[in-house]
Amino acid sequence: MPRRDDIKSIMILGSGPIRIGQAAEFDFSGSQACTALREDGFKTILVNSNPATIQNDPEMADRVYIEPLLPEVVRSIMEKERPDALLAGMGGQTALNIATDLAHAGVLDELGIELIGSDLEAIDKAEDRDLFKRVCESIDLPVPFALACNSMDEVLKAADEIGSWPLLVRPAFTLGGLGGGTVWNIGQLVEVASLGLRKSRINQVLVEESILGWQEHEYEVMRDASDNCIVVCTMENIDPMGVHTGESVVVAPQQSLSDSDHQHLRDCALRLIRALNICGGCNVQFAYNQATGEVRVIEVNPRVSRSSALASKATGYPIARMAAKIAVGYTLDELPNPITGHGTTAAFEPTLDYCVVKIPRWPFDKFRTADRTLGTSMKSTGEVMAIGRCFEEAFLKAWSSLETGEPHPRPLTRADESDGEGMAERANEQLSDSTLVEWLSIATDKRMGALYEAFRRGWPIERVHEITRMTRWFLYRFQNLARAEASIVEHFGSIGSIDAHSMRQWKQLGFTDAHIADAKAGFPASGWKKIPTAAGESAVMKRRHELKIHPRYRMVDSCAAEFAAKTPYYYSTYEGSVDSGIDTLNNIEERLKERMVVIGSGPIRIGQGIEFDYGCVHAVGAIRQSGRDAIIINNNPETVSTDFDTSDRLYFEPLTLECISEVLLRERAHGILLQFGGQTAINLALPFESRLPYLKEMGLDTKVMGTSIDAVDEASDRQRFEAFANRIGLRMPRGAIGTTADEVRSAAGQIGFPVLIRPSYVLGGRGMEVLADEKQLQAYLDEAYLASDKPLLVDEYLGHAIELDVDAACDGEQVLIGAVMEHLEEAGIHSGDSTCFIPTQTISATMVEAVEKQTEQIGLGLGIVGCFNIQFAIQDDRLYVLEVNPRSSRTLPFVAKATGVPMARIAARATMGDLFVQQSIPQRRTGLVCVKAPVFPFIKLTGLDPAPGPEMKSTGEVMGSDPDADVAYLKARLATEIPVNTAGGAYVTVRSADKENVVPMVRDLIELGFTVHATPGTADVMRRNGLSVKTAYRITDSKQPDALNLMRSGDIQFVINIPTTSGGAVRDGNMMRRLAVEMNIPFVTTLSGARMEVAAIRAAGRGPTVPQRLKVSYLKD
Amino acid sequence: MSGSVKAGGGFSPGRLVTPSGDAPSFTDAADVLKHALPPVPDEEVPGLLLLADGSRFEGLLFGARESAEGELVFTTGMTGFQESLTDPSFAGQVLAFTYPLIGNYGVHLGRSESAGIWPRGVVVRHAMRNPDHRDSVAGIDEFLRAHGVTGIEAIDTRAVTRRVREHGTLLCVIGAASDERSLKQRLAELTPPDLEDLVNEVSLDEPILLNPGFNAPRLAALDCGIKYNILRELCRRFEVLWCPPDIAYEKLVSDWNIDAMFCSNGPGDPAHPGKATAARMTIAEAVSRGMPTMGICLGHQLLGLACGLTTYKMRYGHRGANQPVLDLLSRTVAITSQNHGFAVEDPEKGMLAAHPSGANSGPQENLAGVEAVVRYVNANDLTVEGLDIESRPAFSVQYHPEACPGPHDAAPLFERFSSIVAEHLRGGE
């Protein structure tokens, strides 16, 4: 069937903010879909609330709306735009839920909009657990014995009927298995099921038999309207059933199934999607009992998913693109396979000649108090993928891509147990065997390291299998790694004496130069960074180069080299023979185009999200626009930057000095761009500079494009920057550096409490806290790790200061200011977690001018070429510079979308020497207030205090825009998907200092019809001000009514809770905030937040908001 | 089986016989693994793989650790190494696996496609030790050793694949690195295995009724190197007479009173004057007499030749489990399992994806006197994948509906044949 001509315009829904369970994969799939539909001449209308995506760049779709992803908002945009069709399968569960809501409510029919891709019936059958089960039974596919329950009574009955423990509780219609879990007794069952019933959009949970310990396999399937079906990719989880697939280490293709096992599962998968009548891409999950061959169907996602993004990157097959084409009528055999081009079609099954490993990236390095146990709901924020010719190589490459501070698995010590970064003495003691058993048996982020360690200790396969239930095939691989590592440790002689055979064998198993150096040094307790240069990573590299051992680059071509592929998507591997054919870059020296390498930003994590991928994609665009070849190195399978046609050449590699150096050598690259890949790329600047002379000897003449490394250092190094600020007359908060506890104490004494304290050179404010007194300082020092190369920074804390963020670019002659953003929260809340406004709302014009002038001074003074970001604070009309980031920032895409000025692209052009006057820069858009609001992972991460502080906690952001600031804020708030409740009860508890200040908000709330409950102290102040409030008690008061009970009984719809210290976890407040998170009750922890929330409630009362179309015309150069 | 025992001859007549749709149990290539093998010395034997284009790959020998020679081909299937190794269509060839990890789940009893290993040598990136599967009785190393077949591992199989893709299938030798000079000599003297009567090497000598008494039409299955799973599929639907490729059609009718005819897969050049041509004569006769006939793989090529079409050697053929086949009638695609190095020429489009040697059968006489119509084509290179015979109850496919290894998408073709036979019998009564 060819393209449908009866459809002219298509609305595509995005997935909203980045959060746990829904990350950048939908930017990737949505972007592919938009491109695929536009190239076919369809008018595309995109709705998404996330300003940081490439997908909702104005050039991706014909109409872009950055509006809350809520059914009523989408409806109003539909009424305005009148699309012919709705494509919902590209925006994850969020989009699917909106589409089914609108379809069930009859809105789509009423407006004459057709749901394309899988239809409503197919979606319902796949999503409703009961219907799904019936479909499976009708085609004889075994599903776990399970009962759908709509109430707690039914849950208890179901448990009786199944009659064995443990049981698995899974809520229907949620993101990433939210609210589910394995339960071992009635108590746990009641707890988990009641949360699940609340979280499910249809108040339904499934109680089912446990298949813990079975293997988990996934099949990525495509089907078109002519019933052609293919399996794009198979994947096998290393973690057995019980751990969500998003939390599992995953291998593609599957390894342990025989052909008949695999074909059986393939048949089941195809039978199932035919019975469900799914059209497009979908994902089928199976549990497989390796001992008996029994199969259970676990679930189907009737849409593209995180797994399909992984499958696309693992095979090279563009699933989202093909799914979009299928949705508009094409059949698979009509579509060319873009990987191999002419002569092959999309109707084939990719075959791999390599092994892919995905490891999730968890936020526990930042959230040390959070519960690390992995189960059926997701906790990871992102993931990395690596490719090798064997499992071992792919696994170690993936490990070194994670950037958790440990670039290769080291022997476990008691320091790992304590989570300290060095913990000098403990690092000399081996982790106890009993702890190791625990780490193996309970799935956490530490499990893979523990596996490796078990084999380092010589534990037999069967013992580890008994503990972990993991498939032995994988265990043999870890055993192989441990044995090879032992051969490095035992290698006799210097690094210079390593022979070619050994070196090649180690490299083929994926050992990095640093790993080899570390192992040869016997993994010293002082850490891998402390190995002397002569015996360190560089020495191994030099020896390797002497032996002429370099990686070979292989193409990901979807066909195991059966056809000549044309997509330049590569991975490195160590193999004996020389490169030839499609895997080589011929005549590289004679090519005329300059080659520019962009360093990507790696996995999505707290503090480094999709915003940096956005910057990289724009940088690549700018390079290509300028007539150069753009080469990207990255390891995140979810992103647009790692799409096969984003760049001229893509290297799917760890972002390490070793891998980057080798790519540069192969490419004979002319330049490298470090300022778009976030802190990952910037952190490589100094090490890279020190390696440059050696690379030059190797015949490589590469320049760091844009801001010089020295300028990067001047901006990032506290002391150097202070000197710079003094020189040009900028005011900074007083600060000092301490490398010992005494130094820190005396620094704090000099500056005076409260102080802001944090480790140097970190991203996202890890370990940053505001300390009010000596006692808190001592507590901080007790936990902190201090060393001469890891000092602590102590700063004057600016209380009640307004914080500003500025994004700007400099071409060396001129500074271009993107925007000055005003934070809603006072300085002291991490800027990444703040709500901010463009334009500024309360700052005088003269102050804005001063900010702009200082920005210019800093840009030109430091010699920035490219983009930079500055944080300012204003206290009592005094302007302070807090920090300068000589790189693209988290807010850059927000600025671009709010102002219509594509800052990243302009900055990237500047790094290549194109002055602003030589570029055509669009006019700044005015007339709208744009608000960026953060989205937090509190619901997913138990054990984390849900209050913003100096340490960043948000995973993503949303944007709202409107001529009216209150409405713009309301839209942003709605987009966070926490409701703005316009009536009911409010609970107010405020620290003493702010009790008087909260009076106007309480007055407004009462005026708006709220019943206000307040803690006794707060209530007294309110009553003194003539306000009628009810008293509610703290839990510690042991009196009724207490706040928690009021919340549980549904009497509270809004909470104002301003804690005494923003960082200190006061137990009472923490419990109350956690409950609010779990019950989806909005709460604010700052006075300014309370003020805006009340304004939003008032604005919401004025009726529906008007969608604002993003009207930006990027001028084509 | 009469006379000498052939390397692959597969049937164990002792374990007959049920008058049912179940095939009897066959002698399986994995059966030898029930007995322990003598241990191998620990030290590695450096090996060489030399290709006729002059390229040289260093690796390590495994399996029999001796030497091997043949035509180098590659298969892209990621699973199914045991089924591939025991597929008689690989006779005469050296088989390279593009997937780097071969043998993960070990060798299983009763999963072979014949009683022997057919490739003369095996090339892999990693021959996996410590297989892990409930049915595994041994690893690929032991399997090759038990059958005296030499393999070479630690080879950059992607580079090997590219050579084959660029140059077409090539002759090659494998052996110990210490014997390089004599290996080169052997390579220089090597003649293409296509010149040998490979079908004779892999086929049965005397007919055997597999499921006598089964209440179904009687079918003669010409064995040109038939895979066990084809026999199993046929036995579910027919009373199957497993017979040698050169049995005469008249004999099948007069002595055996057959209702239908089948011609199997097999190795080598379909135009080889040996037993392949004898089989061609038999099916030509069958088709011209209106006997329901189905051909798979080599059987398909022989049917094409019988209808006067030309066959030719392909550049590097189709070997793997992901080949898309387009049904020109229904416009639907099946993902199929394939293993062939020759193809039937498209009467209109000619010899697509041909080998640089240009080897082909030349013009052929239309022995069957009927016209063959192209019904199935490869969605990638548009080569002929199946024929329907005009006004006769006969068809053939280049790919493997019996799978093993590979997807089951094409399995309904056996049903299709079954109904053709049934309809023919009804019409004939």
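Above: the structure in question.
Just so we're clear, the structure is a prediction, and the values are computed from it rather than from any experiment.

K.L.:
Kindly report on the overall build of chain A, identifying the contributing residues and their values.
P.N.:
When helices and strands are counted, chain A shows 37 helices and 39 strands. For a compact globule of 1117 residues, the expected C-alpha radius of gyration is about 32 Å, and chain A comes in at 28 Å, within 12% of that figure. Judged by the C-alpha coordinates and their principal axes, chain A covers about 85 × 75 × 65 Å. Within chain A, the fraction of its 1117 residues that count as buried is 67%. Sequence separation of at least 24 residues holds for 71% of the intrachain contacts in chain A that already meet a minimum separation of 6. Surface exposure of chain A reaches about 35900 Å², of which carbon and sulfur atoms provide 49%. Charged side chains in chain A number 115 positive and 148 negative. The centres of these two groups are separated by 1 Å.

K.L.:
With reference to specific residues and values, describe the interface of chain A and chain B.
P.N.:
Opposite the 63 residues of chain A that make contact, chain B presents 52 residues. Summed over both partners, the interface of chain A with chain B buries about 4500 Å², with 45% contributed by carbon and sulfur atoms. It is D259, R389 and E562 of chain A that lose the most area in chain A upon contact with chain B, and together they represent 16% of the buried surface on that side. Between the two partners, chain A and chain B, sit nine salt bridges. Where chain A packs against chain B, one counts 30 residue pairs in polar contact (both at pLDDT 80 or more). The element best represented in the side of chain A that touches chain B is helix 9 (residues 259-276) of chain A, accounting for eight residues. The residue inventory of the side of chain A that touches chain B, partitioned by class, reads 26 nonpolar, 21 polar and 16 charged.

K.L.:
Can you break down the nonpolar core residue by residue, with the values?
P.N.:
Formed by 133 residues in total, the largest nonpolar core has its most connected members in I10, L87, M222 and Y317 of chain A. Ignoring any residue separated from it by four or fewer positions in sequence, one finds L87 of chain A in contact with I10, M11, I12, L13, A33, L37, I116, A324 and A327 of chain A. V357, V464 and F474 of chain A together with A30 of chain B belong to the second-largest nonpolar core, a separate cluster that totals 83 residues.

K.L.:
Report on the pairing of strand 27 (residues 792-796) of chain A, specifying residues and quantitative values.
P.N.:
Residues and elements named next belong to chain A. With five of its five residues buried, strand 27 lies for the most part within the structure. Both strand 24 (residues 735-738) and strand 27 contribute to a ladder of four bridges, which runs antiparallel. Residue pairing in the sheet places G735 in a bridge with D795 of strand 27. Both strand 25 (residues 755-759) and strand 27 contribute to a ladder of five bridges, which runs antiparallel. Bridge pairing in strand 27 links P759 to L792.

K.L.:
Provide a residue-level description of the environment of M952 of chain A, including the pertinent values.
P.N.:
Residue and element names in this part refer to chain A. Tracing the chain through its elements places M952 in the loop between strand 33 (929-935) and strand 34 (956-962). Look at M952 and you get buried, because its relative accessible area is 4%. C-alpha of M952 to C-alpha of G92: the two residues are 860 residues apart in sequence and 25 Å apart in space.

K.L.:
Any details on unusual backbone geometry? Residues and values, ideally.
P.N.:
In this model, F753 of chain A is joined to P754 of chain A through a cis peptide bond whose omega is -5 degrees. Looking at where P754 of chain A falls in the secondary structure, it is placed in the loop between helix 27 (741-751) and strand 25. Q1040 of chain A connects to P1041 of chain A through a cis peptide bond whose omega is -5 degrees. Tracing the chain through its elements places P1041 of chain A in the loop between strand 37 (1030-1031) and helix 35 (1043-1048). One non-glycine residue, N130 of chain B, lies in the positive phi region at around 50 degrees. Structurally, N130 of chain B is set in the loop between strand 8 (126-127) and strand 9 (136-138). Classification of N130 of chain B by relative accessible area gives partly exposed; the value is 37%.

K.L.:
Summarise the environment of S647 of chain A; cite the residues concerned and give the values.
P.N.:
Residues and elements named next belong to chain A. Relative to the elements of secondary structure, S647 occurs in the loop between strand 20 (629-634) and strand 21 (649-652). Spatially, the C-alpha atoms of S647 and G106 are 43 Å apart, while their sequence positions differ by 541 residues. Here S647 is in contact with V620, R624, A630 and I632, once residues within four sequence places are set aside. From its side chain, S647 meets the backbone oxygen of R649 in a polar contact 3.1 Å long.

K.L.:
Summarise the sheet that holds strand 13 (residues 218-222) of chain B; cite the residues concerned and give the values.
P.N.:
Residues and elements named next belong to chain B. Spatial ordering of the open sheet is given by 12-14-13-15-16-21-20-19-17-18, a layout of 10 strands whose pairing is mixed. The open sheet is flanked by strand 12 (208-209) and strand 18 (332-344), the only strands paired with a single partner. Examined bridge by bridge, strand 16 (residues 293-296) and strand 21 (residues 394-397) share four bridges and lie parallel to one another. Each bridged residue has a counterpart across the sheet, and for M294 the counterpart in strand 21 is F395. Across the sheet, helix 7 (residues 249-256) lies against strand 12, strand 13, strand 14 (239-243) and strand 15 (260-263), angled at about 140 degrees from strand 14, the strand it touches most.

K.L.:
Got a sec to walk through empty space enclosed by the protein? Specific residues and values, please.
P.N.:
In the structure shown here, the tally under the stated rule is 17 cavities of 30 Å³ or more. In this model, the second largest cavity occupies a volume close to 280 Å³. Together, 22 residues line the second largest cavity, and H262, E349, P350 and T351 of chain A together with M78 of chain B are the ones closest to its centre. Looking at the lining of the second largest cavity, the elements that each hand over two or more residues are strand 11 (229-237) and helix 9 of chain A together with strand 17 (311-327) of chain B. A breakdown of the residues in the lining of the second largest cavity according to their chemical character gives nine nonpolar, 10 polar and three charged.

K.L.:
For the packing of helix 7 of chain B against helix 8 (residues 275-288) of chain B, give the residues involved together with the corresponding values.
P.N.:
Residue and element names in this part refer to chain B. Relative orientation of the contacting elements helix 7 and helix 8 amounts to 65 degrees, with a least axis distance of 8 Å. Contacts between helix 7 and helix 8 involve Y249, E250 and L252 on the former and, on the latter, T282, E285 and A286. A per-class count over the contact of helix 7 with helix 8 returns three nonpolar, one polar and two charged.

K.L.:
If you had to explain helix 24 (residues 685-697) of chain A to someone new, which residues and values would you point to?
P.N.:
All names here are of chain A. Given a rise of 1.5 Å per residue, 13 residues ought to cover 18 Å, and the 19 Å separating the end C-alpha atoms of helix 24 matches this to within 8%. Along helix 24, the residues classified as buried are A685, F688, R691, L692, Y694 and L695. Looking one or two residues beyond helix 24, the residue adopting positive phi is G699, at roughly 95 degrees.

K.L.:
Can you explain the pairing of strand 21 of chain A? Please cite residues and give values.
P.N.:
Two faces, one strand: in a regular strand the side chains alternate between the faces of the sheet. Residues and elements named next belong to chain A. Residues R649 and Y651 of strand 21 are buried on one face, and the alternating residues L650 and F652, pointing to the opposite face, are buried as well. The sheet contact formed by strand 18 (residues 569-573) and strand 21 spans two bridges and is parallel. The partner of Y569 across the bridge, within strand 21, is L650. Two elements, strand 20 and strand 21, share four bridges in a ladder whose sense is parallel. Across the sheet, the residue bridging to N634 is F652, located in strand 21.

K.L.:
Let's hear about the pattern of salt bridges: which residues, and what values?
P.N.:
Tallying each qualifying case throughout the model produces 112 salt bridges over all chains. With a shortest N-O distance of 2.6 Å, E462 of chain A and R472 of chain A are connected by a salt bridge. Placement of the pair is E462 of chain A in helix 16 (residues 461-468) and R472 of chain A in helix 17 (residues 472-489), with a sequence separation of 10 residues. Notably, a salt bridge pairs K971 of chain A with D962 of chain A, separated by 3.7 Å at the nearest N-O pair. For the pair shown, K971 of chain A and D962 of chain A are each scored as buried. Through salt bridges with shared partners, one network takes in D353, R389, R554, D557, E575 and D583 of chain A together with R125, D156, R158 and R162 of chain B.

K.L.:
Describe a nonpolar patch on the surface, listing the residues and the values that go with them.
P.N.:
All names here are of chain A. A surface patch of nonpolar side chains, amounting to about 310 Å² of accessible area, comprises L156, W165, I186 and V190. Take V190: it is sitting in helix 8 (residues 186-199). Under the relative-accessibility criterion, V190 is labelled partly exposed at 31%.

K.L.:
Residues and numbers for the packing of aromatic side chains, please.
P.N.:
Residue and element names in this part refer to chain A. For the structure on display, the rule yields 22 aromatic pairs over all chains. Between F936 and F938, the aromatic rings sit 4.9 Å apart at their centres with planes inclined by 5 degrees, giving stacked as the arrangement. Note on F936: relative accessible area 24%, which makes it partly exposed. In this arrangement the basic side chain of R3 is found over the ring face of F42, its NZ or CZ atom lying 4.0 Å from the centre. Sitting over the ring of Y880, R731 keeps its end group 5.8 Å from the ring centre.

Calculation rules
- All residue numbers here refer to positions counted from 1 along the written sequence of the relevant chain.
- For this description, chains carry letters from A and ligands carry numbers from 1, given in the order in which they are written.
- In view of the model being predicted, local features appear only for residues whose pLDDT reaches at least 70, and side-chain atom pairs are presented and counted only at 80 or more, with totals across whole chains, interfaces and linings using the full set of residues.
- Hydrogens and water molecules were not included; the side-chain quantities draw on all heavy atoms of the structure.
- Strands here mean DSSP runs of E at least two residues long; helices mean DSSP runs of H or I at least four residues long; both are numbered from the N terminus.
- Atoms considered for the radius of gyration are the C-alpha atoms alone. The globule rule reads 2.2 Å times the number of residues to the power 0.38.
- Note on classification: 1.4 Å probe, protein chains only; a residue is buried when its accessible area is under 20% of the maximum for its type, exposed when over 50%, partly exposed between these limits.
- Pairs of residues are marked as contacts when any of their non-hydrogen atoms sit within 4.5 Å.
- Note on areas: Shrake-Rupley, 1.4 Å probe, and residue coverage restricted to the protein chains presented here.
- Residues scored as charged are limited to Lys and Arg (positive) and Asp and Glu (negative), so that His and the chain ends carry no count.
- Charged groups are reduced to one reference atom each: NZ for lysine, CZ for arginine, CG for aspartic acid, CD for glutamic acid.
- For any pair of parts, buried area is found by adding up, for both, the accessible area (1.4 Å probe) each one loses once the two are put together.
- Every case where a carboxyl oxygen of Asp or Glu lies within 4 Å of a side-chain nitrogen of Lys or Arg is listed as a salt bridge.
- Any pair of nitrogen or oxygen atoms within 3.5 Å is treated as a polar contact; in protein, a donor-acceptor pairing is required on top of that, and neighbouring residues in sequence qualify only through side-chain atoms on both sides.
- Asp, Glu, Lys and Arg are counted as charged, while Ala, Val, Leu, Ile, Met, Phe, Trp, Tyr, Cys and Pro are counted as nonpolar; the rest, among them Gly, fall into the polar class.
- What makes a nonpolar core is a set of buried Ala, Val, Leu, Ile, Met, Phe, Trp, Tyr and Cys residues whose side-chain atoms join them at distances within 4.5 Å.
- Pairing between strands requires that DSSP locate at least two bridges from one strand to the other.
- Note on method: axes are straight lines fitted to C-alpha atoms, helices fitted across the in-contact stretch only, with angles between N-to-C directions ranging 0 to 180 degrees.
- A cavity here means a set of 1 Å grid points, computed over protein atoms only, where a 1.4 Å probe fits but cannot escape. A pocket is an open set with protein on both sides within 12 Å along at least 5 of 7 lines, and lining residues have an atom within 4 Å of a point.
- Grid points are joined across faces, edges and corners, and a volume is the space filled by probe spheres set on the points.
- The span one expects for a helix is its residue count, reduced by one, times 1.5 Å.
- Nonpolar side chains (Val, Leu, Ile, Met, Phe, Trp, Tyr) within 5 Å and like charges within 9 Å form the patches, drawn only from residues with over 30% relative accessible area and no salt bridge.
- Geometry of aromatic contacts follows a simple scheme: Phe, Tyr and Trp rings, the Trp one being its six-membered ring, pair when their centres are within 6.5 Å, and the pair is stacked under 30 degrees between planes, edge-to-face over 60, tilted otherwise.
- Note on criteria: charge over ring means Lys NZ or Arg CZ within 6 Å of the ring centre, with the direction from the centre no more than 35 degrees off the ring normal.

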